[in-house]
Amino acid sequence: MRNAVPHLHRDRHGTFYFRITDGGKTIKRSLRTKNVELATMRAACLNYEWDAMNRRTEPTVAEIQQALSEGRIKEFDVELPNGVKLKNINNDDDARRAKELLANIGPISQPSATRAMIPEPPRTLGPVLRTATKAFVKELRTSKLHKAKGIEDKEATYEQFATQFNNPKCGEIDKAMVLAFKEAHLKNAGAGRVNTKIGHMSVFFDWAIGHGFADANPFTGTRIGKKSQLVKGVQSYEPFTAGELKLIFNPKTYPEYATKAHFHWLPLLLLYSGARPEELASMPLDNVRSEGGIDYFAVASGKNSNSIRKIPFHKVIRNSGFLAYVKMRRKVDPGGMLFPDLAPSKNGYCKNVSRRFNESYLPQLRITESTKRLYSFRSTFITRMTELNVNPGMLMALVGHYEQTAVDLSSPHFKNYQGTKLLTALQSTIDLFDVKISLTL
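What counts, and where the lines are drawn
Residues numbered from 1 in each chain as written. Predicted model: local features only at pLDDT ≥ 70, side-chain atom pairs only at ≥ 80, totals over all residues. Heavy atoms only, no water. Core = buried A, V, L, I, M, F, W, Y, C linked by side-chain atoms within 4.5 Å. Buried < 20%, exposed > 50% of the residue type's maximum accessible area, 1.4 Å probe, protein only. Helix = DSSP H or I, 4+ residues; strand = E, 2+ residues; numbered from the N terminus. Contact = heavy atoms within 4.5 Å. Phe/Tyr/Trp six-rings, centres within 6.5 Å; stacked < 30°, edge-to-face > 60°. Pairing = 2+ DSSP bridges. Axes fitted to C-alpha atoms, helices over the stretch in contact; angles between N-to-C directions. Parallel < 35°, antiparallel > 145°, perpendicular 65-115°, else oblique. Nonpolar A, V, L, I, M, F, W, Y, C, P; charged D, E, K, R; others polar. 1 Å grid on protein atoms, 1.4 Å probe; cavity = no way out; pocket = protein on both sides within 12 Å on 5 of 7 lines; lining within 4 Å. Points joined across faces, edges and corners; volume = space filled by probe spheres on them. Domains from an automatic or database assignment. Expected span 1.5 Å × (residues − 1). Lys, Arg positive; Asp, Glu negative; His and termini not counted. Salt bridge = Lys/Arg side-chain N within 4 Å of Asp/Glu carboxyl O.

The name an unreviewed UniProt entry assigns to the protein chain is Site-specific integrase, from the organism Ramlibacter lithotrophicus.

Caption draft 1: Structural detail: the nonpolar core. Core analysis: the largest hydrophobic core is formed by 60 residues, its most contacted members being I248, F249, F297, F322, L338, F357 and F377. If one sorts the elements of this core by residue count, helix α12 (residues 261-271) sits on top with seven residues. Contacts of I248, omitting those with residues within four sequence positions, involve F240, Y254, F357, Y361, L362, L365, I367 and F377. Ranked by size, the runner-up nonpolar core spans 25 residues in total, among them L129, A132, F204 and A208.

Caption draft 2: Focus on the packing of aromatic side chains. Scanning the entire structure with this criterion turns up 30 aromatic pairs. Taking the centre distance of 5.8 Å and the plane angle of 40° together, the rings of F205 and F219 count as tilted. With F205 in helix α8 (residues 191-210) and F219 in the loop between α8 and α9 (227-233), this residue pair connects regions lying 14 residues apart in the sequence. According to the relative accessible area criterion, F205 is buried, its value standing at 0%. Classification of F219 as buried rests on a relative accessible area of 2%. By way of ring pairs, the aromatic residues F136, Y158, F161, F165, F181, F204, F205, W207, F213 and F219 are connected into one cluster.

Caption draft 3: Here's a closer look at the pairing of strand β7 (residues 294-299). By the criterion of burial, β7 is predominantly enclosed, with five of the six residues buried. Relative to β7, strand β6 (residues 288-291) runs antiparallel, the two sharing four bridges. Its bridge partner lying in β7, S290 is registered against D295. A loop of two residues connects β6 with β7, the two strands running antiparallel in sequence, and G292 in this loop sits at a positive phi of about 60°. As paired strands, β7 and strand β8 (residues 309-312) are joined by four bridges and run antiparallel to one another. Its bridge partner lying in β8, Y296 is registered against P312.

Caption draft 4: Structural detail: unusual backbone geometry. Positive phi outside glycine occurs at N167, with the angle close to 50°. By the secondary structure assignment, N167 is in the loop between α6 (148-164) and α7 (175-186). A positive phi angle is found at R366, which is not glycine, with a value near 65°. Following the sequence through the fold, R366 ends up in the loop between α16 (351-364) and α17 (376-387). Residue R366 is classed as exposed on the basis of its relative accessible area, which comes to 77%.

Caption draft 5: Looking closely at the packing of helix α5 (residues 129-143) against α6. The contact between α5 and α6 brings their axes to 10 Å, and the two run at 175°. Taken together, the axes of α5 and α6 are roughly antiparallel relative to one another. In contact with L129, R130, T133, F136, V137, L140 and R141 of α5, α6 contributes I151, E152, K154, E155, Y158, E159, F161, A162 and T163. Class assignment for the residues of the contact of α5 with α6 results in eight nonpolar, two polar and six charged.

Caption draft 6: Here's a closer look at the layout of surface pockets. Empty space within the second largest pocket amounts to approximately 470 Å³. Contributing to the lining of the second largest pocket are 22 residues, with I209, D215, A216, N217 and P218 lying nearest its centre. The greatest single-element share of the lining of the second largest pocket, amounting to four residues, is contributed by α8. In the lining of the second largest pocket, the residues fall into seven nonpolar, eight polar and seven charged. Residues from two domains meet in the lining of the second largest pocket; each of domain 1 (8-104) and domain 2 (129-233) gives at least three.

Caption draft 7: Structural detail: α17. The end-to-end C-alpha separation of α17 is 16 Å, in line with the 16 Å expected for twelve residues at 1.5 Å each. Taken together, the buried positions of α17 are S376, F377, R378, S379, T380, F381 and M385. Taken together, the buried residues of α17 touch α10 (242-248), α12, β8, α16, α18 (392-399) and α19 (422-430). Phi turns positive one or two residues past the end of α17, at N389, with a value near 60°.

Caption draft 8: Molecular detail of the side chain of K154. With respect to the element layout, K154 can be found in helix α6. Buried and unpaired, K154 has D153 as its nearest opposite-charge partner, separated by 7.6 Å. Setting aside residues up to four positions removed in sequence, K154 forms contacts with L140 and H200.

Caption draft 9: Fine view of the sheet that holds β8. Judged by pairing direction, the sheet is antiparallel, and its three strands sit side by side in the order β6-β7-β8 without closing on themselves. The sheet is open, and its two edges are formed by β6 and β8, each paired on a single side. Averaged over all pairs of adjacent strands, the angle between strand axes in this sheet comes to 40°, irrespective of strand direction.

Encoded structure:
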């Protein structure tokens, strides 16, 4: 980006810098700010310094020749800015030889060391870290655009950094501190978790730069590997086998485990919807809806915009006692939650269900693999639907991997659903899931 002030530029990250070219050499200096007013002032100072350094105090050869020809001088000694000395220039022949010498030496310019001596702008220190992060967190909470757990995680990271380095000022934090922070946490956490903490700090510094609390983001470029590389190393949840599903939904053992409504219904709903556990555990009754004779879950929030979607009830759920349960809940507490006994915590609504299912019920059934968890019902649904060659676009729309509002049923990719409404197409798609259990619902 070019600006009205000479030599002032802005990089792709929005940070201003001073750039000047002289004698074929380009000099760049970061102005350590994204604030246009501050950058303008700093660039103006640097322009003044540059002009002062380059203001010519010695005569040129042409001026020497002119003075000699006019007889205004008899002898002339010259010391040029690049250190070359010319003495006893007394006549035209001396001037001619001086000119030839200069031509052999090359262009007269200031020594590179002199050109490079552009003064560094003063370093912005800003407030101490705890003061600045407190203001940042307050903004996050006020905006209501961030989940409470995410904000709490960021607060924890900021406090860890402030404690480790004795609450430094924002502008004092440098790469050495960042690397020490990363190394300290790698001893007790995986690369993914460390990258999350680096992300917390990086987001804060982007905000701090915009508020004039710091000049640069020292956390830029310090993540461990690319996200795609880390995903390969993360242990994923495997689907349950047919034998494991038979054990889980055994008519004798399941009722002993499912002593409350949420313990009973959530595993079943997850198996027959492919939903994420938290999406259903945190669902208000108002989000269990009906449209055109189709009952469905309206997932209103989640990991990203793709998570906002409609999930029609599978035929197994439609023929179960779940609709009667929903009807009863609406009579008791019309504006309440689908599962009222689940209380929100830092880790969401599903914590108690996950803990009981993963740490108590599965070990009881001798299903002890670390990759088999409550979340495995989602993997089971997606794996089986893939094996059935279900339309990939419809499957992704059901499980929240593709934005439902972007589904165009008139396109060739959805030729089997052309002429139907999206909800109807989703209903016919989900009913293709053919896993059966022996439990009476």
